[in-house]
Amino acid sequence: MGKGFRGTIVDHPDFDAGSDAEALYNAMKGFGSDKDAILDLITSRSNAQRQEIRTAYKSQYGKDLIDDLKYELTGKFERLIVGLMRPPAYHDAKEIKDAIKGAGTDEKCLIEILASRTNEQIHNLVAAYKDAYGRDIEESIIGDTSGHFRKMLVVLLQGTREEDDVVSEDLVEQDAQDLYDAGEAQWGTDEAKFIMLLGNRSVTHLQLVFDEYHKIAEKSIEDSIKSELSGDFERLMLAVVQCIWSKPMFFARRLYKSMKGLGTADNTLIRIMVSRAEIDMLDIRECFRLRYEKSLYNMIQDDTSGEYKRTLLKLCGGDDDMAGEFFPEAAQIAYKMWEISATTKVQLRGTLRPYQNFDPASDAQALRKAMKGFGTDEETIIDIVANRSNEQRQEIRQTFKSLLGRDLMADLKSELSKNLQRLILGLMMTPAEFDAKMMKKAMEGAGTDEHALIEILVTRGNQEIQEMCSAYKNAFKKSLEDAIESDTSGHFKRILIALAQGAREEGPVDMARALEDAQELADACNADSGDMEDKFMSILCTRSFPHLRKVFQEFVRCSNKDIEQIIKKEMSGDVKNAMFAMVRSVKNQPSYFADRLYKAMKGLGTDDRALIRIMVSRSEIDLFNIRKEFKDIHEASLHEFIQVETFVGDTSGDYRKTLLMLCGGED
């Protein structure tokens, strides 16, 4: 267990290979097998000790231990136990072999292994593959892949990346400029330059290059790769970049994606848990918690069962302390994540643009015709409303009244029904009217939709909030503040009222004040819960978003804690949800909305009110960015999710069609 060991499996102190071999033999002899004895023994020995047990087993019983385990065990549990019994290089070799055999290729497996292994691990893998299968791994991969994807895999297979202490300071700026010139600065992409630099420079050197690239391009290297490359080559290069930044975070992402949604990608889950248990599982756990606000242990517990689950949990090594204390690796990553959030210049893009040949009178007449007589022409209504900007829709409303003496909103309300009616009417309102209506809906009736109140007040700018308050007063003859006052209570009420003032500070970061705010938040973590909530409210509800990004970054340095975990652990109920939403929105607002959309559609039934609210309100602001975040997090497009999740109950398909038009396309 050398310097830097961050695994969960260590050498067993009182190890006796012969005794362990006998225990395993006894666990498998006779009718049935003692699975608990097998998993307890194998998960409490290091891989080196397991190889000694294999040797002793063959010496004592003349049989191959792996063959016996395969015979006695079945399914995922068997694959996991057998994977643990192989030497790491041979386990990687088997995974590569399985990835390229048969009709299809598991490109994600090839990417994961070759992008993440050290030079030494690659050399051992090459030798193990040759020994196990009598063929060069390079020949196998060349025969099964193509194009730039194949070229980069072959480069990685050489295991010749410069070692981490090699940093050519004089080349950092040049390499960053070369990457920029090879992609963003020209029409087309010089893939060979990306392959040469990302496949050979040291990890430390490339981290500096990526920082420099961010300054030159005003966007991250990951965003450039997404826009310049495609397919498996894009996925491979993104994996390389993610491993350069942080292998634990790369594996945390892979583990999350293997378990989320319907079904589990067990091959991926097994491969990572086996291969990282003696390397960096502790850091992977912490990165997992940092990114997904849930411990790896709990996700495995929820997503697996039986002996398979018990074995995975032993490899995981335990549930994480929810106090938010960071391991060193995760603290550096958290600090860096906030730094990237603070410096990345994101161009927000909607999916709806003004219609080119706009004629409000023609549109008004077409809408009247679509609603006149017996039946309603929903298709015409959808095609007009979902293809005009909000400003153009307001012109149509005015023209409809001027030309025809009728209220377009009243006509639409009488002709349409259910979710399509709610969606079309929402699109026809001004943004301020729509937000006011959504706030009213969230507070009327028996229950209050606190999530809707939070979502709207946390994500709107000062001017948007002030216009919403005016629209609320005009529509409902009562101030929004009075409505909040009568419908909520306690600290949650105070947070909402503070946000409803629309008086958040604007402007750039005040560095000295940001450091003071970070320290005050850190000190407040040790105060009584009421005092803590007061301090968090006074800072989170008033400071500008750029300022708060710096505050949250410095909070990591002041406290060695994760502000999101602190909020989840120390606060509760609606106060926790409001504070958490503010932090998420400050960090990455499109990602926050992507998460809200996912929650609106996953599970049993769809929260159509939330779905409509977000699709309507963001379609001209940042829905394109939300789509990208949705695909990145969930590995399924927003378009695909809407298509599947709104199918039930939408017999005509008009509601779904309108949502898909707002979505703006498949990613």
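Cut-offs used in this document
Residues numbered from 1 in each chain as written. Predicted model: local features only at pLDDT ≥ 70, side-chain atom pairs only at ≥ 80, totals over all residues. Heavy atoms only, no water. Helix = DSSP H or I, 4+ residues; strand = E, 2+ residues; numbered from the N terminus. Rg over C-alpha atoms; globule rule 2.2 N^0.38 Å. Buried < 20%, exposed > 50% of the residue type's maximum accessible area, 1.4 Å probe, protein only. Contact = heavy atoms within 4.5 Å. Areas by Shrake-Rupley, 256 points an atom, 1.4 Å probe, with all protein chains shown as cover. Lys, Arg positive; Asp, Glu negative; His and termini not counted. Charge placed at Lys NZ, Arg CZ, Asp CG, Glu CD. Expected span 1.5 Å × (residues − 1). Disulfide = S-S within 2.5 Å. Polar contact = N/O pair within 3.5 Å; in protein donor to acceptor, adjacent residues only side chain to side chain. Salt bridge = Lys/Arg side-chain N within 4 Å of Asp/Glu carboxyl O.

With that settled, the discussion passes to the overall build of the protein chain. Within the protein chain one finds 40 helices and 0 strands. Taking 2.2 N^0.38 as the reference for a compact globule, 667 residues should give roughly 26 Å; the C-alpha atoms of the protein chain span a radius of gyration of 29 Å, in line with that estimate. For the protein chain, buried positions account for 52% of its 667 residues. Within the protein chain, contacts between residues at least 6 apart in sequence are counted, and of these 74% link residues at least 24 apart. If you sum the accessible surface of the protein chain, you get close to 29400 Å²; carbon and sulfur atoms cover 47% of it. The centroid of the 91 positive side-chain charges in the protein chain is displaced by 4 Å from the centroid of its 115 negative side-chain charges.

If you check helix α8 (residues 119–133), its first and last C-alpha atoms are 21 Å apart, about what 15 residues at 1.5 Å a residue would give, namely 21 Å. Among the residues making up α8, those that are buried are N119, I122, L125, A128 and Y129. At the C-terminal side of α8, G134 shows a positive phi close to 65 degrees.

Attention shifts here to the state of the cysteines. Scanning the model with the defined rule gives 0 disulfides in all. C316 forms no disulfide, and the closest cysteine sulfur to it belongs to C287, at a distance of 13 Å. Using a relative accessible area of 0% as the deciding quantity, one classes C316 as buried. No disulfide involves C525; its sulfur sits 10 Å from that of C558, the nearest cysteine. Using a relative accessible area of 12% as the deciding quantity, one classes C525 as buried.

What follows is about the side chain of T459. On the secondary structure map, T459 appears in helix α28 (residues 450–459). A polar contact is formed between the side chain of T459 and the side chain of R460, at a distance of 2.8 Å. Among all residues touching T459, those that are not within four sequence positions of it are E464, S585, Q589, Y592 and F593.

Moving on: the pattern of salt bridges. Applying the stated criterion across every chain yields a total of 45 salt bridges. Between R45 and D20 there is a salt bridge whose closest N-O contact spans 2.6 Å. Of this pair, R45 sits in the loop between α2 (35–42) and α3 (47–61) while D20 sits in helix α1 (residues 17–28); the two residues are 25 residues apart in sequence, bridging distant segments of the chain. Judged by relative accessible area, R45 falls into the buried class, the value being 9%.

The phi dihedral of E218 falls on the positive side, at around 60 degrees, and the residue is not glycine. Within the secondary structure layout, E218 lies in the loop between α13 (203–217) and α14 (221–228). E218 sits in the partly exposed class, given a relative accessible area of 41%.

All right, on to the environment of Q643 then. Residue placement: Q643 occurs in helix α39 (residues 638–645). Take Q643: its relative accessible area is 38%, and that puts it in the partly exposed class. C-alpha separation for the pair Q643 and Y25, spaced 618 residues apart in sequence, amounts to 54 Å. The contacts of Q643, once residues within four sequence positions are left out, are R656 and L660.

Moving on to helix α10 (residues 147–157). Of all the positions in α10, only F149, M152, L153, V154, L156 and L157 are classed as buried. Residues of α10 that are buried make contact with α7 (107–116), α8, α9 (137–144), α12 (191–200) and α15 (231–245). Looking one or two places after α10, you find G159, whose phi comes out positive at around 60 degrees.

Along the chain, D608 falls in helix α37 (residues 608–618). Here D608 is buried and forms no salt bridge, its nearest opposite-charge partner R422 lying at an N-O distance of 6.3 Å. Separated by 3.4 Å, the side chains of D608 and N419 make a polar contact. At 2.7 Å, the side chain of D608 and the side chain of Y655 are in polar contact.

These figures capture arrangement, not role.
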